[in-house]
8 protein chains.
Amino acid sequence: MAMVETHFNLDFARHERLGIGEALLCAGKTVAQIDAILDRVSDRGATMLLTRLASEAHAALAARHRRRLDYEALSRTGFFGAPATGAGTARVAVVAAGTSDLGVAREAVRTLAFNGQAASEIYDVGVAGLWRLTERLPDIVGHDVVVAVAGMDAALVSVLGGLVPGVLIAVPTSTGYGAARGGETALGASLASCAPGVSVVNIDNGYGAACAALRVLRLLDRSGKPRGAT
Amino acid sequence: MAMVETHFNLDFARHERLGIGEALLCAGKTVAQIDAILDRVSDRGATMLLTRLASEAHAALAARHRRRLDYEALSRTGFFGAPATGAGTARVAVVAAGTSDLGVAREAVRTLAFNGQAASEIYDVGVAGLWRLTERLPDIVGHDVVVAVAGMDAALVSVLGGLVPGVLIAVPTSTGYGAARGGETALGASLASCAPGVSVVNIDNGYGAACAALRVLRLLDRSGKPRGAT
Amino acid sequence: MAMVETHFNLDFARHERLGIGEALLCAGKTVAQIDAILDRVSDRGATMLLTRLASEAHAALAARHRRRLDYEALSRTGFFGAPATGAGTARVAVVAAGTSDLGVAREAVRTLAFNGQAASEIYDVGVAGLWRLTERLPDIVGHDVVVAVAGMDAALVSVLGGLVPGVLIAVPTSTGYGAARGGETALGASLASCAPGVSVVNIDNGYGAACAALRVLRLLDRSGKPRGAT
Amino acid sequence: MAMVETHFNLDFARHERLGIGEALLCAGKTVAQIDAILDRVSDRGATMLLTRLASEAHAALAARHRRRLDYEALSRTGFFGAPATGAGTARVAVVAAGTSDLGVAREAVRTLAFNGQAASEIYDVGVAGLWRLTERLPDIVGHDVVVAVAGMDAALVSVLGGLVPGVLIAVPTSTGYGAARGGETALGASLASCAPGVSVVNIDNGYGAACAALRVLRLLDRSGKPRGAT
Amino acid sequence: MAMVETHFNLDFARHERLGIGEALLCAGKTVAQIDAILDRVSDRGATMLLTRLASEAHAALAARHRRRLDYEALSRTGFFGAPATGAGTARVAVVAAGTSDLGVAREAVRTLAFNGQAASEIYDVGVAGLWRLTERLPDIVGHDVVVAVAGMDAALVSVLGGLVPGVLIAVPTSTGYGAARGGETALGASLASCAPGVSVVNIDNGYGAACAALRVLRLLDRSGKPRGAT
Amino acid sequence: MAMVETHFNLDFARHERLGIGEALLCAGKTVAQIDAILDRVSDRGATMLLTRLASEAHAALAARHRRRLDYEALSRTGFFGAPATGAGTARVAVVAAGTSDLGVAREAVRTLAFNGQAASEIYDVGVAGLWRLTERLPDIVGHDVVVAVAGMDAALVSVLGGLVPGVLIAVPTSTGYGAARGGETALGASLASCAPGVSVVNIDNGYGAACAALRVLRLLDRSGKPRGAT
Amino acid sequence: MAMVETHFNLDFARHERLGIGEALLCAGKTVAQIDAILDRVSDRGATMLLTRLASEAHAALAARHRRRLDYEALSRTGFFGAPATGAGTARVAVVAAGTSDLGVAREAVRTLAFNGQAASEIYDVGVAGLWRLTERLPDIVGHDVVVAVAGMDAALVSVLGGLVPGVLIAVPTSTGYGAARGGETALGASLASCAPGVSVVNIDNGYGAACAALRVLRLLDRSGKPRGAT
Amino acid sequence: MAMVETHFNLDFARHERLGIGEALLCAGKTVAQIDAILDRVSDRGATMLLTRLASEAHAALAARHRRRLDYEALSRTGFFGAPATGAGTARVAVVAAGTSDLGVAREAVRTLAFNGQAASEIYDVGVAGLWRLTERLPDIVGHDVVVAVAGMDAALVSVLGGLVPGVLIAVPTSTGYGAARGGETALGASLASCAPGVSVVNIDNGYGAACAALRVLRLLDRSGKPRGAT
C-alpha cells in the first residue's frame, strides 16, 4: 500500500550532521513497518543499527533482512550492514553493576562498535562488595569516557563520579523491584548524585549513552592527535 | 476548658513495654498543646524527649517549661528532665554524608543520649570523595549498630552496607533539590540497596533510627555481659 | 563464549565480612546466566541461596544443577548445596497478615534456614480480626527479632510495633489492588508508623528482612552466651 | 462593582434536598468574597457554616460579620447564625489517633453540631499504644456512626474496622512527614484496609465525614423511632 | 503437609461482630490455597463469598468445590453455599456509568445478594449524555443507599452527590486509559467531589461498597420497623 | 439473558446534539457485550464507529457483524455501516512525530473519515531532524486544524505551536520507555508548552482529537460559506 | 548593565503569525526583568498583556510603567497599552464551577478582552447543585466556544461536554486540597472525560484557554461573514 | 564548640583528582556552618565556589567573608577567592529558553568562569518562536559543548539535539506551573528526547552542567593542541 511510502523519513544525513549513524528503535513498531524500513535502507545501499529488537520480532523479519542482520539477543541489537571501522584502542569503558544490567551495557557496547569504537567491558562491580570495584578501578579510570550502568540504588554512579576524571555518563537500569520503581530510583539517584559533573541518560538507554560518548570522541578526534586509553 | 484533659493519653508505660522513653513529636501541635502536655509530664514527675520543636515554638513555650528544657536548635530536640544515665562506651556510630544532614544525625544522637546511650559521630563522609569514608572506616565498623544518614543519592548507605558487619540502619534525608524529591530518592535508593540486610526508617527520622538502635542494644544488654565497641 | 567468564564476580568472602552467605537474585537474569553462575559455585565447592527463581526458570535449569537444588515454589527460593547448621531454637518470629503474604514470609524463613537459623511462623493474623492477632501475641513477643510481613494497609506493623519489645522488621508486600499501589501504600504506612523504632525493608523483600535479622543474631551470638526465645 | 452579584449562587435549597445545611469553604476565597457572601446570607436571614477559615481571614472579616460568627480557631470553623437544635444524645463518635489530628476531628464535631447532632469525642487513641484504644473501645462501639481520624499509617482505621459494627467513616489526615506524604499514605491505607466496609473521605476532610454521617442519621430518623447510642 | 493448617484463620465470628459474612479475596492466592480454605469451610458446614476468582482459577478448583459454587464470570464472584435469605425489597441502588464498569457493579450486587439484600441495577448512565441519567433519576433517589460505580472522570459521582439524599458510596473503577491512570483519577475525583458527604471505597472495590451498604442497612434494621425503598 | 437489555443506553441523538456520531470504546468490554451492542445498532439501522478493537476481539466477533465491519488493525478502528459522506477537501492535517505514533494518528484520521472529513497525513516529522519538519511545513500550516501526534518529549507540539496559525490539538502518545512514562511526559510537555493556545487531549486519544476537530469544523460550516485548505 | 539587552527577544511578529498578541508571564521573573522588558515594549510603541503579575510585583514596578498599566488583582493580569478593539458580541462563554475559580476565569476573560474579544461570564455553576448549571444552560450553549473552568473533580467539564455543541476548552484549576492534588485530579478528570472532543489546557491556565479560543475565532473570522452568539 | 571541627571534610584534592574546584552547596546549611567552612578555606589559603547562596544568607555572612566574596544574586553564586585564569575563547555555549531560566544559566556560566572557562551566553531562544532560535543557531553550533537550559516542555533540548554536533548537556529548570511539575516534565522530556546522545543533569543544576562541561574540556586540553570555538 502506497501509504507506507510516506510514513517514515530516514535521516541518512544524520551521520554528516552529528557523527552518529542512523538507528531504528524497533520497540513499538510492527514487523511489517521494520521490514519496510529495511527495504528502504537496502535500496539506498545504507546501513542501520537496530535497537530493542525483541527475539520474536527478529525471528519474524523477512528472510532477506535476517540474512544481512548481525543480531545479539542479550542486547536486542542488530547491525544491518557492516559497522564502521575504527581504531582498535578502547577510549570508552562500559562498567555495569550487576549481571542483570548486562543487556543494557551490551546495547551501549554494540552501539559504539557499530560506530567504529571499541569499548572495555567491566561488569559485576556493584558497590555492595566494594572490593569488586576497587580492584578493577585502575582498568577504568584511564578511559576518556566511562559509561556507568546501574539499577536499584545506582550507588556505583556516585562512587565512580568521585574517582573518574573523564566524562562520566550514567545509565540507570530498570533492574530490581518494589522501591526500585522500574528504574526511577536509579535515575533519581544518578541525577541527585553529589559527585560533580555526572551526566545521565534515560532508563535502560544504553544506546543514548553510547551516542553521548560518540559526541565526546568526535570532539577529541577533531581536536588533533589520535588518543588511546592513557 | 475541660476538653483538653481528654485530648492526650501519655504512654508512660512505654519504657517498661519497649525500653524506649516517651517522646513528643512537636511538629503539627500548637504551643498551647505542648505546654499542656508538659504540665501533665511535670505533674507526674516524669521526663520526656521533645522532637521537631522549632526554634520559634521553643521560644514561645511557657517559661516554667523552657527553664527545665535542654534544647538544641540544630536537631530541634529538647530534653525535658534529666536523660537516662548509661554506659560511657559508644556502641552506636552515627555516620552522616554531608553537612546538611547534621540536623537529622544529631536528632539520632540526642535520642540515644536521652535514653542513656553514647554514640560516635562521624560526619561529612559522603562517597563522592571516597577517601573521606575509607579513612574513617576503622572508626565505624567496630560498632554494634551503625546509623547511616544520607540524602540525595544515599550512596553512603550501600557502600556501608557491604562493609559494616553490625546492624545497619539507614536514615534517608530530605537534603538536595529536583530529582532528590524531598528525600524520596534517598529513601528509594536505601530500600533498593543491593547490600544485604540494610533496614530503613522514614525520611529525616533520626528519632526512629535511634529507637531501632535502642531495640537492638536492649537485646544485647539482656543477653548477658555488658558490651562496648569492639 | 569467553565473555561470560568476566560477567560476574561472586562475593564468596561475604560470609566472612558480613556473616551472610552469598545469594543470587534470579529475577532479571537469563537461565543461561544462572546456569553459568551455578557452575562457578560448583567448581568452588561452595553453596548459594537462590531467590526469586520462578518455577519456569527452575524447570529450565541444567539437570546437573536442578539435582542439587532444594527448591520451594511458594517462596521461589532454592538451596544450592546444604544450608548451614544452626541452633534449633527459633529466635526469630515471622508473622504474616494474610494468606497472600505467605510467599514473602516463606522467603524470609528459607533465607534464615539457609543461614542456620530456625524461625517461628505465625500466619494470617491481620488486624481486621484483632482477636486473631491477640491470641497469638504470647507466641510472638518473646522472640528476639520479629519480621512482620503485611500488604495493603500494613496495620499489623504498627500494632506489633507498640507491643513487641524486640527488634521489629517490617516487610511491606505487594498484595492488594488499587490504592494498595503494588505495595507502595504498605511501604509508606510502615515507614510512617507511629510505633517507635520499626525498621523497614523493600516491598516483598523477605530475603532482606532475614538478612537484617541475621545481622542482629550475629551480634547476639558474639555478645556471649547462647540465647533462645525467652 | 456589580459583577460580584453574579459570582456566586448560594444553594439555600440544599438542606431540603440533602438534609445538610449550606456551608462555605473559605480557603481559596478572598476576604472580600467571603464578606460579600455573608452579606447575601444575612439578607436572606439564613445561617451558614464556614470551614477552613484561617485565623487571619477571620480577623479581617467585616466587624458586622465577625460579631455574628461563633469561631473556633483549632478547627478553623465558624457558625454564622445559630446552629440547628438537635437531640442531646450522641449517635456519632469522633475518634482521633493523635493530638495533631484534633483540628480535623473538631471540624467534624463542629459540622455535626451546626446540623444539630451531638458527638462523643475520643482522642489520642492511636494503635502504637494499643491499650489506649482498647480501654476506650466500649465507649466507641455503641455509636451508630464512628468517624476515625488518623494520619501517617492510619492503622487506627483498620483496627476499628474489625471491631465497630456501625458505619465507619475514615478521615485520613496530613499529619506526619516524609513517607506520610501529606496524607496520601493514610488515605491509601484507609482505602486498602482489609477491614470490610470502611468508607473514606478526602484528606483532612472532617467536614465531609460529618456530612456522610448526617446522611446516615437522616435515614435513621426517617426510619421511625428516635435513636440514641445503644 | 501440616504447615497449611496454621496458614489461615477463618473469621467465622465476623458475621456476629459486624453483620457481614466471611469472604475470601482469591486474587494473590494459589488454587491449592483456595481449595484448602474451602475444605475448612466445608468441614464447618459454613458458607463463604469468593471474590476476584478468575475464570481460570475457577476452572482449576477441585470438582467437589466447583460443584457447590454458584460462580459468575463477569463479577468474578462465587457463592460457596447458599446465600442469606433477605427481604425482597431493594433498599440499595447500584448505578454504573458505563458498560465497562459492569463487572465491578455486579461484584457489589452479588455481595449484597450473598448477604440477603436485593439491589436495583441502573447501568450505562454516564453524564456525557446527561439525559440518560436524568430519565433514570426517579428510580435512583428513593433508595436508602446508592452505590455509584464510575471510572475515568467519575463525574457521575458528583452529579449524584448533589441529587441523592440517601447514603452515597462511590466506587471508582480502573476503566479508561492514559490520564485515567488505572482508576487513580476517578478515585481522586470522587474524593475531591464538591458534593457533600460522598464516601469512597478503593478502586474496583464493589465488594467493599456493598459491605459499607450492609453496615448502613443493619443500622436501619436495628432501628425498628422494616424499611423498603421509599 | 434479559439483564443485558438494560446494560447500555446508546446515545443515537448525540449526532444531533454535538454533530459527532456515536462511537464505542471496545477496550474493557467483552466480545459478548460488543456483539450485543452491535445487534442493537443493527436493529435500529444505525451506524457506529468502533475504537480500540483489538485484532483478537475483532476476530472473535459474530460473523454477521464482522461482515459489516470495515476494520483497520493498525488503528484498531472499525466502521460499522457506511461512514458519512463529506467534502473531499482536507481541512485537517494529522501530523505524527514517529512511525510508532502511526496507530494513534490513524485513529484520528479514521474518526474524521467516519464523520465525513478528509485529512492530510504527514508522518515521521519529529524535530530531532528538524529539516524533516520544515520541508513539510508548507503542507501543514494552511489547514484549519492541525492534530499533532507525538510521544516521548512531544517537542513537535511546541514547535508547531509557534508556527501554525490554525487550531492546534496535541495528542501525546505512550511511545517510548523509561522517562517517557507511558505518555505522561509527552502529556505534561504538551500542557506546559510555551506555545500559546495549544489544546490537549488524553494520551493516545486520536479519537478525542478528531472529535475536537469536528467541533471546530462544524462551527466553520455553520458560519457560512464552505471552506477548504487555504 | 549591557547584559540585559541580550536576555530577551520579544516576539512582536507573533500577532501576524498567530493572531495572538505578545504576552509576558511575570511569575519567575524579577521586577527588574519585567521593568526592562516593558521599557523595550514602550520604546517600540507596542502593547503587551502581563499575566501572573502578583500584587506585590505590580506595586514594585517602575512608576512610569504602573501608570500605563490597567491591572486587575483578582486575575493578576495587566494591560500595558490599549487592548485591541473588537466586535461587541460575545462569542465565547467563560463558565466557572466555583468562587475559588474566579481568578483563573478572569485571566481568560481579560486575555480575550486584550485581544478584542468580549466574553459572557457565567460563574458558580458547579454540578454539586445541578440546578445552578441547568438554569444557566441556555445562556451557555449558543456560544461558539465555551471555556469551562473547574477544580477538584472537574465534573462540570464532563457535563458540559455532553451538552455544548461548540468548541469546549477545559481549564482545570488548583482549587481544593488533599486528593485535589493541586489541580492534577481536575486535569486528569478533564483529560479522561467520556464526553467526546473536550480539549484541555494546563492547570490554572486561563491565558492558554483564551489563546486556544482566539485561534478558533480567527478561523471563523477568516471563513467569511461576521458571527455572533447564535 | 569543638564538634564543628569534625563536621566537614573539605575535598581540596578534588581539583587534582577531577579537575574541578571545590564548591559548597549552601542551601540546607546554616549561616554558622557556612561561616565555619569559609574560615577553614581561608586558613588554608584556598578558594571556593559557593552555590545556592540566597541573598538573605549572603547578607548574614560574617563581614570578613562577605568582603572576599564576589556574589551574584541572580545566580546565587559567590566566588570566594579569585577564580582560575583561563583561555579567553569560549568553547562552551550556554543557551536558555526563557528569561525565567536565567538564574540557572548564570549558575552554569559562573561555575565555568570560576574554573577558568569563558562561555557564550545565548538567551531567550525558546522554540515557541522558532525564528528566535534559528537566527542564533550559527552562534551556537560551533562550540565544543552546548549547555541547554529549559523548563516547562524543554523542547529547546530536542531541537538543539538534532542540530548541534558537539556535546549537548540539558539542564531542565523548574520554571512554569501546573503540568510543568516543578521541572519534572522538563526533566522527563529531556531524558526521553528522541535526539541522540543528549545527556542530562538534575533540575536547576546549572552547576552540574558546568562540571560536566569541564570534564569534556579537560579531556580536550589533555588531548594536545589548544582549541577554540570553530
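Model, not experiment: these values are computed from the prediction.

A. Highlighting the overall build of chain A. Within chain A, the regular secondary structure consists of 10 helices and 9 strands. Over its C-alpha trace chain A gives a radius of gyration of 18 Å, about what one expects of a compact globule, namely 17 Å for 230 residues. Along the first, second and third principal axes, the C-alpha set of chain A runs to 55 × 50 × 25 Å. Within chain A, the fraction of its 230 residues that count as buried is 67%. Surface accessibility of chain A: about 6,900 Å² in total, with carbon and sulfur atoms responsible for 54%.

B. Seen up close, the interface of chain D and chain E. Contacts between the two partners involve 38 residues from chain D and, on the opposite side, 38 residues from chain E. Of the roughly 3,100 Å² buried between chain D and chain E, counting both surfaces, carbon and sulfur atoms make up 57%. Counting across the interface, chain D meets chain E through 12 residue pairs in polar contact (both at pLDDT 80 or more). Sort the elements by how many residues they give to the side of chain D that touches chain E and helix H10 (residues 206-222) of chain D lands first, with 10 residues. Taken together, the residues of the side of chain D that touches chain E break down into 20 nonpolar, 10 polar and 8 charged.

C. Molecular detail of the packing of aromatic side chains. Residue and element names in this part refer to chain G. In the structure shown here, the tally under the stated rule is 8 aromatic pairs over all chains. An angle of 45° between the planes, with centres 5.2 Å apart, marks the rings of phenylalanine 79 and phenylalanine 114 as tilted. Here phenylalanine 79, found in strand E4 (residues 77-80), pairs with phenylalanine 114, found in helix H5 (residues 102-114); they are 35 residues apart in sequence, far enough to count as distant. Across the pair, exposure class does not vary: phenylalanine 79 and phenylalanine 114 are buried alike. One residue, arginine 110, lies across the ring of phenylalanine 79, its end atom 3.9 Å from the ring centre.

D. The packing of H5(G) against helix H10 (residues 206-222) of chain G, seen in detail. Residue and element names in this part refer to chain G. As a packed pair, H5 and H10 sit with axes 7 Å apart at the nearest point and diverge in direction by 40°. The angle between H5 and H10 places the two elements in the oblique class. Considering the relative orientation of H5 and H10, their crossing is right-handed. For the pair H5 and H10, contact is made by Val104, Glu107, Ala108, Thr111 and Leu112 and by Gly206, Tyr207, Ala210, Ala213 and Leu214, respectively. Residues of the contact of H5 with H10, tallied by class, amount to 7 nonpolar, 2 polar and 1 charged.

E. Fine view of the relation of the copies chain D and chain E. Least-squares fitting of chain D to chain E yields an RMSD of 0.0 Å, with the transformation described by 0.0 Å of translation along the axis and a rotation of 180°. Classification of the inter-copy transformation places it as that of a two-fold axis. Interface overlap between copies is the fraction of interface residues in one copy that are interface residues in the other; for chain D against chain E it reaches 100%, indicating a shared surface.

F. Layout of the sheet that holds strand E4 (residues 77-80) of chain D. Residue and element names in this part refer to chain D. The strand order across the open sheet built from 4 strands is E1-E2-E4-E3, with neighbouring strands paired in mixed fashion. With partners counted over all chains shown, the strands left at the sheet margins are strand E1 (23-25) and strand E3 (69-72), one partner each. Adjacent strand axes in the sheet meet at a mean angle of 15°, parallel and antiparallel pairs treated alike. Of the strands in this sheet, strand E2 (48-51), E3 and E4 touch helix H5 (residues 102-114), which is tilted by about 10° from E4.

About the thresholds
- Residues numbered from 1 in each chain as written.
- Chains lettered and ligands numbered in written order.
- Predicted model: local features only at pLDDT ≥ 70, side-chain atom pairs only at ≥ 80, totals over all residues.
- Heavy atoms only, no water.
- Helix = DSSP H or I, 4+ residues; strand = E, 2+ residues; numbered from the N terminus.
- Rg over C-alpha atoms; globule rule 2.2 N^0.38 Å.
- Buried < 20%, exposed > 50% of the residue type's maximum accessible area, 1.4 Å probe, protein only.
- Areas by Shrake-Rupley, 256 points an atom, 1.4 Å probe, with all protein chains shown as cover.
- Contact = heavy atoms within 4.5 Å.
- Buried area = accessible area lost by both parts, 1.4 Å probe.
- Polar contact = N/O pair within 3.5 Å; in protein donor to acceptor, adjacent residues only side chain to side chain.
- Nonpolar A, V, L, I, M, F, W, Y, C, P; charged D, E, K, R; others polar.
- Phe/Tyr/Trp six-rings, centres within 6.5 Å; stacked < 30°, edge-to-face > 60°.
- Lys NZ or Arg CZ within 6 Å of the ring centre and 35° of its normal.
- Axes fitted to C-alpha atoms, helices over the stretch in contact; angles between N-to-C directions.
- Parallel < 35°, antiparallel > 145°, perpendicular 65-115°, else oblique.
- Left-handed = near helix turned anticlockwise from the far one by under 90°.
- Least-squares fit on C-alpha atoms with pLDDT ≥ 70 in both.
- Pairing = 2+ DSSP bridges.

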